[in-house]
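Listed here are the chains, written in short residue letters.
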Amino acid sequence: MEGIKTLSLGKKANLNHDISVLLVGNNPIEMSSIYDKLSKLKGKIKRIETAFTQEDVLSKITLMHPNCIVLDDNLGIAPLKTIIKNVNALSKDMISITLLKSDNREEITSGVQEYLMKDGISELRIYNALRNALKFKKTQQYFKIKYRSGKRSLKRMFI
């Protein structure tokens with residue numbers, strides 16, 4: 001009987017997607033440290049941009065078309081919920097959302113694909129969180145498409 005194979009955090013990623021990241025926050029000191037860690041992943045991350053306001057987030061999304069957004073929870077609950085709602089309303093683009101948390105509290109639970117604690121954050125953890133968020137978003141979209149098509153075929157069966 002074979003044992004269960006597990007992946008360690010130290011292994012290289014198998015995904016060869018070009019990840020473009022939009023980094024959103026209001027604390028320049030924390031954001032610069034996260035930006036530095038993301039910039040060390042130049043071979044894996046294609047582009048990194050920053051935004052500080054809700055309006056800036058929407059304009060950067062239309063200009064750069066990121067596939068990952070990293071949100072800092074220091075923005076506050078109301079702005080975070082607004083940004084998450086607006087990003088998820090843009091259903092034409094697949095944009096995954098990763099939330100950087102300073103405390104382990106559950107105030108925002110829907111619309112976010114991945115959570116990452118700020119304590120002990122490293123380049124590899126950020127990259128793995130971004131990859132996991134992208135995979136989760138793709139899975140969500142796949143199930144949404146299958147659900148809609150199944151619902152239509154079920155309606156046709158009874159009509």
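Scroll up a little and you will see the structure.
Anyway, here's the lowdown on the structure attached to this text. Residue numbers run consecutively from 1 along every chain, following the written order of its sequence. A pLDDT threshold of at least 70 governs which residues receive local features in this predicted model, and a stricter bar of 80 or more applies before side-chain atom pairs are shown or counted, although totals over entire chains, interfaces and linings include all residues. Processing note: side-chain calculations cover all non-hydrogen atoms of the structure and skip hydrogens and water entirely.

Remarks on the pairing of strand β1 (residues 19-24)
Part 1 of the argument: Buried residues dominate β1, accounting for six of its six residues.
Part 2 of the argument: Side chains of β1 alternate between two faces, with Ile19, Val21 and Leu23 and Ser20, Leu22 and Val24 buried alike.
Part 3 of the argument: Remark: the β1/helix α1 (residues 28-39)/strand β2 (residues 45-51) crossover connection has right-handed handedness.
Part 4 of the argument: Any two strands with at least two DSSP-identified bridges between them are counted as paired. Where helices and strands are cited, they refer to DSSP runs of H or I of at least four residues and of E of at least two residues respectively, numbered from the N terminus. Two strands pair when backbone bridges link them, and β1 and strand β3 (residues 68-72) are joined in this way by four bridges, in the parallel orientation. Bridge pairing in β3 links Leu23 to Val70. Residue burial is assigned from relative accessible area. The probe radius is 1.4 Å, only protein chains are included, and a residue is buried under 20% of its type maximum, exposed over 50%, and partly exposed in between. A crossover gets the label right-handed when its path from the first strand over the helix to the second runs clockwise, viewed with the strands pointing away from the viewer.

Describing the pattern of salt bridges
Part 1 of the argument: Salt-bridge detection follows one rule: a side-chain nitrogen of Lys or Arg within 4 Å of a carboxyl oxygen of Asp or Glu. As enumerated under the stated definition, the model contains six salt bridges in all.
Part 2 of the argument: Across the pair Lys60 and Glu49 runs a salt bridge whose closest N-O atoms are separated by 3.7 Å. Placement of Lys60 in helix α2 (residues 54-64) and of Glu49 in strand β2 is noted, with a sequence separation of 11 residues between them.
Part 3 of the argument: Classification of Glu49 as partly exposed rests on a relative accessible area of 23%.
Part 4 of the argument: Residue Asp72 is joined to Lys118 by a salt bridge in which the shortest nitrogen-to-oxygen separation is 2.4 Å. Of this pair, Asp72 sits in strand β3 while Lys118 sits in the loop between β5 (114-117) and α4 (123-158), and the two are 46 residues apart along the sequence. Here Asp72 and Lys118 have matching classes, each one buried.
Part 5 of the argument: A single salt-bridge network, built from bridges that share partners, covers Glu30, Asp72, Asp73 and Lys118.

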